[in-house]
Amino acid sequence: MDKMLSASGGSVERTIAMLELLALAEEPLKLSEIAHRLAIPKSASHRILTSLLENGWARQSNESDCYALTIRMALIGQKQLDRLEVTDLKQPILNDLAERTRELVRLTAVQNNSLVWIGSARGRRSGLVFEPDMSATIVPYATANGKIWLASIERELALRIALETGLGQQGQSAAAAAIRTIDALNKELDETARQGYGRARGEAEEGVGAIAVAVKQDDRVVGTMSVAAPLTRLTDDKVSEIVPLLERAASNMAIAWETS
């Protein structure tokens, strides 16, 4: 997970980005590689690394002249997990996003050419609250989660899955606003791929909208995360506010996916 930073990026932002880069790297990295991945000058990279070395956060290999984190970050992270009594790293990510958006957050996993619900968190306890059935089948062409997933796979397979799950059929398990034709779905998946997130507007359930992004492992979509709310609250402006939060949460979820 490389983080690209502008030349004018602040020192704190650069330090955080370097910590993330070193924490997720599978092996120690050379100074030139760190500078390249973060898109910052080698001189700036060296200053940050020197500070990390002096404060016990990083170590340098004399043999290969490469840098890696020490166990300090792992120890602090473990202490935080113990304090929170966390056994599943996925749930705190869902809880945090629900608290930030004050809406329903859900998580799916890809299983056998379908999506299944595997987690949720509710961010609102009063007022107009969406209470979904977590055992319900996810209709891929009618849901935000389904759209971002279908947009990530080979198009012929995506269309076949949509047809097999009821696209264009009478009595399909979706609302009246749902997509009905292959042509319409093709256009929707093209738009979904372009914008980087799926969006549903009352297509799975009347009056309910959602936006979703993919959770990826090595460029492979293993699941999706979504924020759902009544359409009256999920305006275009609100979507613009939520998408960056959702993308960041999905990035964290990809890390938790490996360790849970």
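Refer to the structure printed above.
Quick notes on the rules
- Residues numbered from 1 in each chain as written.
- Predicted model: local features only at pLDDT ≥ 70, side-chain atom pairs only at ≥ 80, totals over all residues.
- Heavy atoms only, no water.
- Helix = DSSP H or I, 4+ residues; strand = E, 2+ residues; numbered from the N terminus.
- Expected span 1.5 Å × (residues − 1).
- Contact = heavy atoms within 4.5 Å.
- Buried < 20%, exposed > 50% of the residue type's maximum accessible area, 1.4 Å probe, protein only.
- Core = buried A, V, L, I, M, F, W, Y, C linked by side-chain atoms within 4.5 Å.
- Phe/Tyr/Trp six-rings, centres within 6.5 Å; stacked < 30°, edge-to-face > 60°.
- Lys NZ or Arg CZ within 6 Å of the ring centre and 35° of its normal.
- Pairing = 2+ DSSP bridges.
- Axes fitted to C-alpha atoms, helices over the stretch in contact; angles between N-to-C directions.
- Parallel < 35°, antiparallel > 145°, perpendicular 65-115°, else oblique.
- Left-handed = near helix turned anticlockwise from the far one by under 90°.

Asks: Give me the lowdown on helix H3 (residues 42-54), citing residues and values where you can.
Replies: A rise of 1.5 Å per residue sets the reference length of H3, with its 13 residues, at 18 Å; its end C-alpha atoms lie 18 Å apart and thus fit the reference within 8%. Looking at the buried residues of H3, the elements they touch are helix H1 (11-24), helix H2 (31-38), strand E2 (58-60) and strand E3 (66-69). Taken from the residues just after H3, Gly-56 is the one with a positive phi, measuring 80°.

Asks: Kindly report on the environment of Leu-150, identifying the contributing residues and their values.
Replies: As for its position among the elements, Leu-150 is in helix H6 (residues 144-150). Accessibility expressed as a relative area gives 0% for Leu-150, which makes it buried. Residues Leu-150 and Ile-161, 11 residues apart in the sequence, show an inter-C-alpha distance of 8.5 Å. For Leu-150, the residues in contact, after removing those within four places along its chain, are Pro-140, Tyr-141, Ala-158, Ile-161 and Leu-189.

Asks: Pulling in residues and values, what's your account of the nonpolar core?
Replies: Among the nonpolar cores identified, the biggest contains 27 residues, and Tyr-141, Trp-149, Leu-150, Leu-167, Leu-185 and Leu-189 are the most heavily contacted of them. Residues Ala-109, Met-225, Val-227 and Ala-254 belong to the second largest nonpolar core, which totals 26 residues.

Asks: Hey, could you go over the packing of aromatic side chains for me, with residue numbers and the actual values?
Replies: Under the defined criterion, the tally for this structure stands at zero aromatic pairs. Directly above the aromatic system of Trp-257 lies the positively charged group of Lys-90, at a separation of 5.2 Å from the ring centroid. Sitting over the ring of Trp-117, Arg-106 keeps its end group 4.0 Å from the ring centre.

Asks: I'd like a description of the sheet that holds strand E1 (residues 29-30), backed by residues and values.
Replies: Ordered in space as E1-E3-E2, the three strands form an open sheet in which the pairing is antiparallel. Among the strands making up the open sheet, the edge pair consists of E1 and E2. Bridge count for E2 against E3 is three bridges, and the pairing is antiparallel. Paired with Gln-60 across the strands is Tyr-67, a residue of E3. Against the sheet, H3 engages E2 and E3, with an angle of about 105° to E2.

Asks: So what's going on with the packing of helix H7 (residues 155-164) against helix H8 (residues 182-195)? Which residues, and what values?
Replies: Across the interface, H7 lies against H8 with an axial gap of 11 Å and an inter-helix angle of 130°. In terms of their interaxial angle, H7 and H8 are classed as oblique. The handedness of the crossing between H7 and H8 comes out as right-handed. Residues Arg-155, Ala-158, Leu-159, Ala-162 and Leu-163 of H7 form the contact with H8, whose own contacting residues are Ile-182, Leu-185, Asn-186, Leu-189 and Asp-190.

Asks: With reference to specific residues and values, describe unusual backbone geometry.
Replies: The phi angle at Asn-112 is positive, at roughly 50°, despite the residue not being glycine. Its place among the elements puts Asn-112 in the loop between strand E4 (104-110) and strand E5 (115-121). Although it is not a glycine, Asp-219 sits at a positive phi angle of roughly 65°. By secondary structure assignment, the location of Asp-219 is in the loop between strand E7 (208-217) and strand E8 (220-230). Judged by its relative accessible area of 75%, Asp-219 falls in the exposed class.

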